[in-house]
Every structure is written in structure tokens, then in C-alpha cells.
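One-letter residues, chain by chain:
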Amino acid sequence: MIPERVWAEVDLDALAHNLAVVRRRAGAGVGIVQIVKADAYGHGAVAIAHHAVRCGVAGLGVGTSGEALELRDAGVRAPIVVLGTLVEDEVSAALHHQVEFGLHSSDRLRRLEEVAAARGLIARVHLNVDTGMGRLGVLPDRALELLEDIRAARHLELAGIMTHVTASEGAFADSTVAQMAAFGAVVERARALGLRWRWTHVANSACVFSDLEPMYDTVRPGIATYGALPAPLPGREELRGVMSLSSQVVFLKDVPAGTPVGYGATWVAERASRLATLPLGFADGVPTSLSNRGTVLLRGRRAPIIGRVNMDYTVLDVTDHPGVVVGDRATILGVDGDERITLEELAAEAGCMTYEVTCSVGRRVPRLYRGGEQLSVPAQALPEAPRAPTPAPQESPL
Ligand SMILES: *Cc1c(COP(=O)(O)O)cnc(C)c1O
């Protein structure tokens, strides 16, 4: 008997493989900041972060300082960058744990400097330049001013300069060309000012798989490391799905023609039918948009989802699957025999993004980690060489 109601298998060997693919595409010596925000897109941030670090990533990217602290609590010692914004209360604990921050305004800069000064710490910041995303980030014409302010601040260290690309086709979009030009100009002027920093990072998964130029020294892939891309880009077929989602048949029922199924009776049996109930629903990652349209793998074949997917249950029509018995494994995402439902297929069928599928696999679904012994360690840029200290700003004699 299968012990779990529903479970998500997370294949750490697939993660290692995908990291190696990313590394090869990004180029020798380019560092990888593995994005693990939103619990590593539902895969479990702690396990993913630990394995990614074993595979040689240069750092980890998260969305909030709470996520950064979760990793620190779990013993992750690699650099962690909070890509999003900071909320007042979070600053102190995050600084104490050497979490690094994306910085987008002089007001956040002052606050960071104040807290860092009060605690006698140095805050490492990544200047986030808004070249078209329109959410966080300083506009290019104000970036130099903010860079000067960072240089002048005694308790801030410029750890990186970054921007974020909006197009799901990455470098193949005209908008990306314009974004790169705006970003490149900021980087050039910062260099001309004699500023130094550790990482210059732009490329997300789409940029890595569309050969962004320049790739700079560090890339920030998320979805590619989990085995999918936001658009059909070259190299997609090299990636391996990391998560699979499975459940089991808990009830089989023969019903006469005319029997309705589910909320709103959106499906009614046209013939005498055999129905299989699966104990998972939208709280477990089955998109409601698959109601009356998705398929699930049973015994290596596809069975249609009928009626509305609800929070806890999904019903399949197995009239044409005579061998099915209670306790059979059902695969919502992943491989069963010769059949496979990929993340991309599932998302396309559901009319949502691949990211949304794995992120919506609820907390009650156990993540079972597989593999992890094989390492395919991507070569990384070395940590920066020691350098002469930059002179501290002169204290006023008064
Ligand atoms: C989420 C995120 C990424 C990763 O994007 P993918 O499309 O998953 O590769 C990179 N950079 C920033 C700033 C992000 O927020």
C-alpha cells in the first residue's frame, strides 16, 4: 500500500543536472545565484539550498528576509541576497545573519546605514537598477547618485549591481536590448568612478537560455534549475523536471448514465461510468482550471479529470481503464511508464505559468527528496581576490 495520500518527489539529481546545464550555457567562471524564493518555487528551500551549495553555487537569492533567515537557521552559510524590498522590522536580524540586500532607494539606504551603524555591522547591498521592470529598482539616471551615497555610507558595502529583465524570451526581445543598454551605461559609469563590487548580475533563466550578452559574472536562474523555461527557448530539452506530484486512487465507483459529478454538477455521465476519486485538490497543486480538461496518469495511461477540481479531491473517469484498482498510483506531474506530464504541459493545459504550478503545492504535501549523492559540480568563479582597502572618508575635525 502506498503510504501517502499525496506526495511530491523532488529529484536532487535533476537539480544538479540542471545546474550543470545552466553553468555550461552561462559560460566558464560565471557564478550562479540559485533562486530559492517562495520555498524554492514549492520544492522546499532548505533542501534545495543545501544541495545547490554542494553543487557549487556562489549564493542564493530569496524574496524576503524571512526566507533568508529560514536558510540561516537551517545552517546555510553561503551568501544570501534578498532580491525584494526590506520591511523595517526585518533589517536588524537579517544584518546580524549577514544577509545581503537589493537596494532601490535612498530612504532604504539611510535606514540600513542607521541599523548597521547602531549594531556595528556592515550591510552588503546590491544596487537594483530599474531598466524597465517598473517595480523595485532605482531609475538609471539616479543610480549614480545612489552609488555615491553607498560609497559615502560608512556601514554599507557595495556587493553587487543588478537589474531584472521583463521579457519571457530573454535576450531575444527588443525590450531586453534596451534594458541591457541602460544597465551597461550604469555599470560603465560606476567603473569610471572607481567603484568596485563583487557581482554584476542580470540573467534569469530566460536570459541564460537566450544567450544574453554580456552575461556578466553572475546569473540568477530559478525556474530552469527546477526543469522548465518561461518560453520555448533553445536548450529546453536538456533540462530535467525536478518535482513530480503523485497521489493514489482511494475510491472506485460504478455509476449509471446521468450521474452528476462535483460542485455545480459540471460533468454528467453520458454512459454507465467508472469513477476514481483521488484525495488531492487545488490545495495540493492541482489547478482548478484543469476541471473537466486535464489528465492524470494511471498505469501508464491518461485518464481525464471530470467535474470541478476542489480543495481536497479530484475525480477521474476510468471507464476506459479496466485494470485500475484502489491503491493505484496516480501521477499528476511526472512520469508513469512511457507517459509523462511535464511542468510545461501541465501549465499550458491549466493556462497558468509553470512557476504557479509548483508554488501551489500546499504545505500539507510531504516533499520526498530523492538522489543527491551524484554531484555534477559546476565550475564557479573564485571568490574575489584580496584587495587593498579603500580609504575611509575623512572625519571632519569638528
Ligand atoms: C525570481 C527572480 C529570478 C529568477 O527568475 P526565473 O525566471 O525563475 O529564472 C531572478 N531575479 C529576480 C530579481 C527574481 O525576482
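Our structure is the block above this text.
Each value, and the rule that gives it
- Residues numbered from 1 in each chain as written.
- Predicted model: local features only at pLDDT ≥ 70, side-chain atom pairs only at ≥ 80, totals over all residues.
- Heavy atoms only, no water.
- Axes fitted to C-alpha atoms, helices over the stretch in contact; angles between N-to-C directions.
- Helix = DSSP H or I, 4+ residues; strand = E, 2+ residues; numbered from the N terminus.
- Parallel < 35°, antiparallel > 145°, perpendicular 65-115°, else oblique.
- Left-handed = near helix turned anticlockwise from the far one by under 90°.
- Contact = heavy atoms within 4.5 Å.
- 1 Å grid on protein atoms, 1.4 Å probe; cavity = no way out; pocket = protein on both sides within 12 Å on 5 of 7 lines; lining within 4 Å.
- Points joined across faces, edges and corners; volume = space filled by probe spheres on them.
- Nonpolar A, V, L, I, M, F, W, Y, C, P; charged D, E, K, R; others polar.
- Near = heavy atom within 4 Å.
- Polar contact = N/O pair within 3.5 Å; in protein donor to acceptor, adjacent residues only side chain to side chain.
- Sits in = over half its atoms within 2 Å of the grid points.
- Buried < 20%, exposed > 50% of the residue type's maximum accessible area, 1.4 Å probe, protein only.
- Arc of directions from axis to C-beta.

A.B. asks: Help me get a handle on the packing of helix H1 (residues 12–26) against helix H3 (residues 45–54), residues and values and all.
C.D. replies: One can describe the packing of H1 onto H3 by two numbers: an axis separation of 10 Å at closest approach and a directional angle of 50°. One way to sum up the angle between H1 and H3 is to call them oblique. By crossing handedness, the relation of H1 to H3 is classed as right-handed. Contacts from Leu12, Leu15, Ala16 and Leu19 of H1 reach H3 at Ala47, Ile48, His51 and Ala52.

A.B. asks: Would you mind going over the layout of surface pockets in detail, with residue names and values included?
C.D. replies: Here the largest pocket defines a volume of roughly 790 Å³. As for the largest pocket, its lining consists of 37 residues, of which Lys37, Tyr41, His164, Asn204 and Tyr355 are closest to the centre. Counting only elements with at least two residues in the lining of the largest pocket, the list comes to helix H2 (37–41), strand E6 (123–129), strand E7 (156–163), helix H9 (205–208) and helix H11 (354–359). Taken together, the residues that form the lining of the largest pocket break down as 19 nonpolar, 12 polar and 6 charged.

A.B. asks: Which residues make up the site of the ligand, and what values go with them?
C.D. replies: Close to the ligand lie 13 residues; Lys37, Tyr41, Ser205, Ile223 and Tyr355 are nearest. Taking His164, its side chain carries an N or O atom lying 3.4 Å from a nitrogen atom of the ligand. Backbone polar atom of Gly222 to an oxygen atom of the ligand: 2.9 Å apart, as the coordinates give it. More than half of the atoms belonging to the ligand lie within 2 Å of the grid points that define the largest pocket. Partitioning the shell around the ligand into residue classes produces 6 nonpolar, 4 polar and 3 charged.

A.B. asks: I'd like a rundown of unusual backbone geometry, residues and numbers included.
C.D. replies: The omega torsion across Glu213 and Pro214 is -10°, close enough to zero to call that bond cis. With respect to the helices and strands, Pro214 occurs in the loop between H9 and strand E9 (218–219). The backbone phi angle of Gln98 is positive, close to 55°, even though this residue is not glycine. Inspection of the secondary structure puts Gln98 in the loop between helix H5 (91–96) and strand E5 (100–103).

A.B. asks: Explain empty space enclosed by the protein to me, using residue names and the numbers behind them.
C.D. replies: Summed over the entire model, instances satisfying the criterion amount to 1 cavity of 30 Å³ or more. Taken as a whole, the largest cavity holds about 30 Å³ of empty space. What lines the largest cavity is simply Gly84, Thr85, Leu86, Gly102, Leu103, His104 and Arg108.

A.B. asks: Let's hear about helix H10 (residues 343–350): which residues, and what values?
C.D. replies: Of all the positions in H10, only Leu343, Glu344, Leu346, Ala347 and Ala350 are classed as buried. Down the axis, H10 shows its buried residues gathered within 165° of arc, on one side only. Buried residues in H10 make contact with strand E18 (329–336), strand E19 (339–341) and H11.

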